[in-house]
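Listed here are the chains, written in short residue letters.
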Amino acid sequence: MSTSHEPTPGMEKHPLFHPPEETLRNAHVQDYVKVYQESIDDPAGFWGRIATELEWFTPWTSVLDWDPQTYTGRWFPGGTTNISHNALDRHVAKGYGNKVALIWSGDSGEERVITYSQLLDSVERLCHGLHSLGLEKGDRVSIFLPPTPEQVISMLACARMGLIHSVVFSGFSEAALKSRMEDAQPKLLITADAGFRRGKEIPLLQTARAARTGILSIRNTLVVRRKDPRFPVDASSGEKAFDELLEKNRKKGSFPPAPMGADDPLFILYTSGTTGKPKGIVHVQPGYMVGTYLTTRWVFDIRDSDVYFCVADPGWITGHSYIVYGPLLNRTTVLMAEGAPDWPDPGRWWKLIEKYRVTVFYSTPTAVRLQMRHGEKWPSGHDLSSLRLLGSVGEPINPEAWMWFRNVTGGRLPIMDTWWQTETGMHMITPLPATPLVPGSATKPFPGVEVDIVDKNGNPVPDGESGLVVIKKPWPAMFRTVFKDPDRYRQYWTEIPGMYFSGDSARRDSSGFYHLIGRIDDVIKVAGHRLGTAEVESALVSHPAVAEAAVIGKPDSLKGESLKAFVILRQGKKPETEEELSSLRKDIRHHVREELGAIAQPDEIEITDWLPKTRSGKIMRRVLRARELGLPEGDTSTLED
Ligand code: ATP
Ligand code: MG
């Protein structure tokens, strides 16, 4: 871990973009500077005021109880609440029972629409069912389901009873599911007879049955009959049909939500595994609730008329915080799509936006680059005029992709480039709809969040220089621990004494805008210069022939490291002859030199059709590097095949 004192070339040339008049007029936060300052001057007052917008069974005695010895932040101690009560009952009691909570679009175009009352009813019936299976507060439940309403119902039912859910992305293999369940030791596994993607059936139950063998903690498997409503479950091994359990509990009435205090976990979620073995991140109810409630409200400027579409899968933190909990806490209508963005054709998401009059569209850089590869004709074939706000998460979004996203959606919509992590639970560095934007920058910290860029001793680095991203004060949605690994938790706080170290590096420019460079592991040192992979990739992708790029460092006796770029070309840009190929390579190198300087020119460029990515769409450079150098690949359980 180290930092650079070399200003990074080629960054600050992009203009500021200001929000449209309509956005300014309606924004929840009009004056960011003032709100931010107040939140930092009096964090307890700030977060306490926000928390009172939600309902509590018993009031808290203080806002934060911070233990600097164990790095434990107990938010709203003394208070009890329940996130499912706040996401469901609270709205129904206020007369919003008939408002649509979920619109679900299935892989082959099926549609389901579920109101807040209906969602509450299903959740309560499932709670009665889970109770009858003997589940109690603190028990773990692994959820291995495709993105369907049953996934959301299962999460909320667990939350209501104080069960700790551990959602595992449904695209995972038997081994990946098994290792996560071996760690979480669930009493119950919820899965489906099958999932669907690109019209193909995914045999989830088969995977689940194989993965659960030998995990003795599991007593029952609940099976959602997604494909075949008459599928015969295997009662002898403790399998039960999800729909039958709900049916049996139709008349049981309400199920009281468990009072959840400052130490009561909501879920365990394993990180993406981009940099190594996934970590079982534990979040607790009250703080996570307040953090996701407010960030959703302010970052997306939630209004009652919104139709909100987030393309993540609830199997990742983005889905937890910004499909399920944050939006439902804000009484939002959430559109949830199963399947792939480019199936049956690359217009899938644009078509959904048109059909459901989506207002807020939260996507990822990898999805935007995929759309770029397919070309503008797909978005331009649809009426996207309902949109008022865009979002991006997961990786740095390169300015080229940022501009493309903006341009194909009408050329005026603000893009919320949100930087955060499974560990942080909520957005940490992000624009707000009324703040100015710089393409490729996540802009500034969210109110109540104190961020800095420091060197490895914790000293702030001057603006313009790259360094390590740290959070200097506890925040409500902070993770409580790493499941069964308190040492790993401590490591986050001790690597740089007294601060939370994110593992990412960034620069803050002279206007206070943050530019995320990438993970510290992804910083490459060429002839004494430190280059962020994201910057070089960004320069590559701004070449008209390049759709996606990944850059790694290779040991070089002369320069320390040399740069190798793996490049996917845009549709129709593939050279036909060797000569064309070599001239394209030259042209790309030249382009990077123009953008970033000679030092950043890749020494090698390999044209490829595929890049190793996590299931959540992040480029796994460590896998590319290992393959290139013939080294062991490490944990690849999250690698997409
Ligand atoms: P692991 O910790 O297992 O390696 P991961 O870090 O990819 O996996 P997540 O918690 O899903 O797991 O991702 C958080 C990381 O994603 C951040 O640390 C950062 O590197 C990256 N990231 C997320 N959003 C942004 C963004 N808007 N800009 C830049 N980077 C981002
Ligand atoms: Mg991480």
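As a convention, each chain's residues are numbered from 1 in the sequence order in which they are written. Both sets of labels track the order of writing: A upward for chains, 1 upward for ligands. Restriction of local features to residues with pLDDT of at least 70 applies here, the model being predicted, together with a cutoff of 80 or more for giving and counting side-chain atom pairs; totals for whole chains, interfaces and linings are based on all residues. The side-chain numbers reported here are obtained from all heavy atoms of the structure, hydrogens and water having been left aside.

K.L.:
Is there a simple way to think about the overall build of the protein chain in this case?
P.N.:
Regarding its fold elements, the protein chain presents 19 helices and 28 strands. Radius of gyration here is computed from C-alpha atoms only, and the compact-globule reference equals 2.2 Å multiplied by the residue count raised to the power 0.38. On C-alpha atoms alone, the protein chain measures out to a radius of gyration of 24 Å, which is about the 26 Å that the 2.2 N^0.38 rule sets for 641 residues. Contacts were defined at the residue level, with two residues in contact if any of their heavy atoms lie within 4.5 Å. A sequence separation of at least 24 residues applies to 71% of the contacts in the protein chain between residues at least 6 apart. Accessible surface, the protein chain: about 23,600 Å² in total, of which carbon and sulfur atoms supply 50%. In this tally Asp and Glu are treated as negative and Lys and Arg as positive; neither His nor the chain ends contributes. Charged side chains are reduced to one point each, which is NZ for Lys, CZ for Arg, CG for Asp and CD for Glu. Of the side-chain charges in the protein chain, 76 are positive and 81 negative, and the distance between the mean point of each set is 3 Å. Only DSSP runs of H or I with at least four residues qualify as helices, and only runs of E with at least two residues qualify as strands; both kinds are numbered from the N terminus onward. Each accessible area is a Shrake-Rupley result for a 1.4 Å probe, and residues are judged covered by the shown protein chains and nothing else.

K.L.:
Hey, could you run me through the confidence of the model for the protein chain in this one?
P.N.:
Interpretation of this model should avoid reading the predicted coordinates in detail wherever pLDDT is low. Counting all residues, the mean pLDDT for the protein chain is 93, and 98% of those residues have values of 70 or more. Throughout residues 1-12 the model reports pLDDT below 50, and contacts reaching past four residues in sequence, or to other chains, amount to 31 contacts. For this predicted complex, the interface confidence score (ipTM) comes to 0.99, while the overall pTM stands at 0.91. Scored from 0 to 100, pLDDT records how confident the predictor is in each individual residue.

K.L.:
Sorry if this is basic, but what is going on with the environment of Leu177 here?
P.N.:
Residue placement: Leu177 occurs in helix 7 (residues 174-184). Per-residue accessibility, obtained with a 1.4 Å probe over protein chains only, is compared with the maximum for each type, and a residue is labelled buried under 20%, exposed over 50%, and partly exposed between these values. Its relative accessible area of 0% is what places Leu177 among the buried residues. Each C-alpha atom of the pair Leu177 and His374 lies 33 Å from the other, and the pair is 197 residues apart in sequence. Leaving out residues up to four positions away in the same chain, Leu177 has contacts with Phe144, Val168, Thr207, Ala208 and Ala211.

K.L.:
Is there a simple way to think about helix 6 (residues 149-161) in this case?
P.N.:
Along an α-helix, residues three or four apart share an orientation, since each turn contains 3.6 residues. Any helix carries an expected span of 1.5 Å times its number of residues minus one. Helix length check: helix 6 (13 residues) gives 18 Å between terminal C-alpha atoms against 18 Å at 1.5 Å per residue, within 8%. The buried fraction of helix 6 is high, at 13 of 13 residues. Just past helix 6, the residue Gly162 takes up positive phi, approximately 80°.

K.L.:
I tried to follow the site of ligand 1 on my own but got confused; where do I start?
P.N.:
Around ligand 1, 19 residues are found, and the nearest of them are Thr271, Gly273, Thr274, Thr275 and Thr422. Under this definition, polar contacts are N or O atom pairs within 3.5 Å; protein pairs additionally need one hydrogen-donor-capable and one acceptor-capable atom, and for neighbouring residues in sequence, both atoms have to be side-chain atoms. Here Lys279 contributes a side-chain N or O atom positioned 3.1 Å from an oxygen atom of ligand 1. Within the backbone of Glu395, one N or O atom sits 3.3 Å away from a nitrogen atom of ligand 1. When the free accessible area of ligand 1 is taken as 630 Å², the share hidden by the protein chains comes to 94%. Of all the secondary structure elements, the ones that give two or more residues to the shell around ligand 1 are strand 18 (415-418) and strand 23 (514-519). Among the residues making up the shell around ligand 1, the classes are represented as four nonpolar, nine polar and six charged. Any residue with a heavy atom lying within 4 Å of a molecule or strand is counted as near it. Residues are sorted three ways: Asp, Glu, Lys and Arg are charged, Ala, Val, Leu, Ile, Met, Phe, Trp, Tyr, Cys and Pro are nonpolar, and all the rest, Gly among them, are polar.

K.L.:
I would appreciate a short explanation of the environment of Arg112 in the present structure.
P.N.:
By the element assignment, Arg112 lies in strand 4 (residues 111-115). Classification of Arg112 by relative accessible area gives partly exposed; the value is 31%. Separated by 436 residues in sequence, Arg112 and Glu548 have C-alpha atoms that sit 35 Å apart. With residues up to four places along the chain from it excluded, the contact list for Arg112 reads Leu102, Ile103, Trp104, Pro149 and Glu150. Of note is the side chain of Arg112, whose polar atom sits 2.9 Å from the side chain of Glu150.

K.L.:
How should the sheet that holds strand 22 (residues 500-508) be read in this particular structure?
P.N.:
The strands making up a sheet are joined through hydrogen bonds of the backbone, oriented either antiparallel or parallel. Only when DSSP finds a minimum of two bridges between them are two strands counted as paired. Read across the sheet, four strands follow the order 19-20-22-23 without closing on themselves; strand pairing throughout is antiparallel. Both outer strands of the open sheet, strand 19 (451-454) and strand 23, are each paired with one neighbouring strand and no more. Along the sheet, successive strands turn relative to each other by an average axial angle of 45°, direction set aside. Alignment of strand 19 against strand 20 (residues 466-471), held across four bridges, turns out to be antiparallel. Across the sheet, Ile453 pairs through a bridge with Val469, a residue of strand 20. Lines are fitted to the C-alpha atoms to define the axes, a helix being fitted only along its stretch in contact, and any angle between axes, read from their N-to-C directions, falls within 0 to 180 degrees.

K.L.:
Looking at this model, I keep getting lost on the nonpolar core. Mind explaining?
P.N.:
If you look at soluble globular proteins, the nonpolar side chains tend to sit buried side by side. We call a set of buried Ala, Val, Leu, Ile, Met, Phe, Trp, Tyr and Cys residues a nonpolar core when their side-chain atoms join them within 4.5 Å. Trp47, Phe309, Leu328 and Phe361 are the most contacted members of the largest nonpolar core, which has 152 residues in total. When residues in this core are grouped by element, the largest group, eight residues, is from helix 6. Ignoring anything within four residues of it in the chain, the contact list for Trp47 reads Val63, Trp75, Phe76, Val290, Leu294, Met426, Phe446, Pro447, Gly448 and Pro476. Within the second largest apolar cluster, 21 residues are counted, among which are Val526, Leu540, Val541 and Val551.

K.L.:
For this particular structure, what's the right way to read the pairing of strand 13 (residues 280-284)?
P.N.:
Residues in a regular strand project their side chains so that they alternate between the two faces of the sheet. Counted residue by residue, strand 13 has five buried out of five residues, so it is predominantly covered. A two-sided burial pattern is seen for strand 13, the buried positions comprising Gly280, Val282 and Val284 on one face and Ile281 and His283 on the other. Sheet analysis places strand 12 (residues 265-270) next to strand 13, joined by five bridges and oriented antiparallel. Among the inter-strand pairings, Pro265 is bridged to a residue of strand 13, identified as Val284. Bridging between strand 13 and strand 21 (residues 481-482) involves two bridges; their strand directions are antiparallel. Residue pairing for strand 21: Val282 is matched across the bridge by Thr481.

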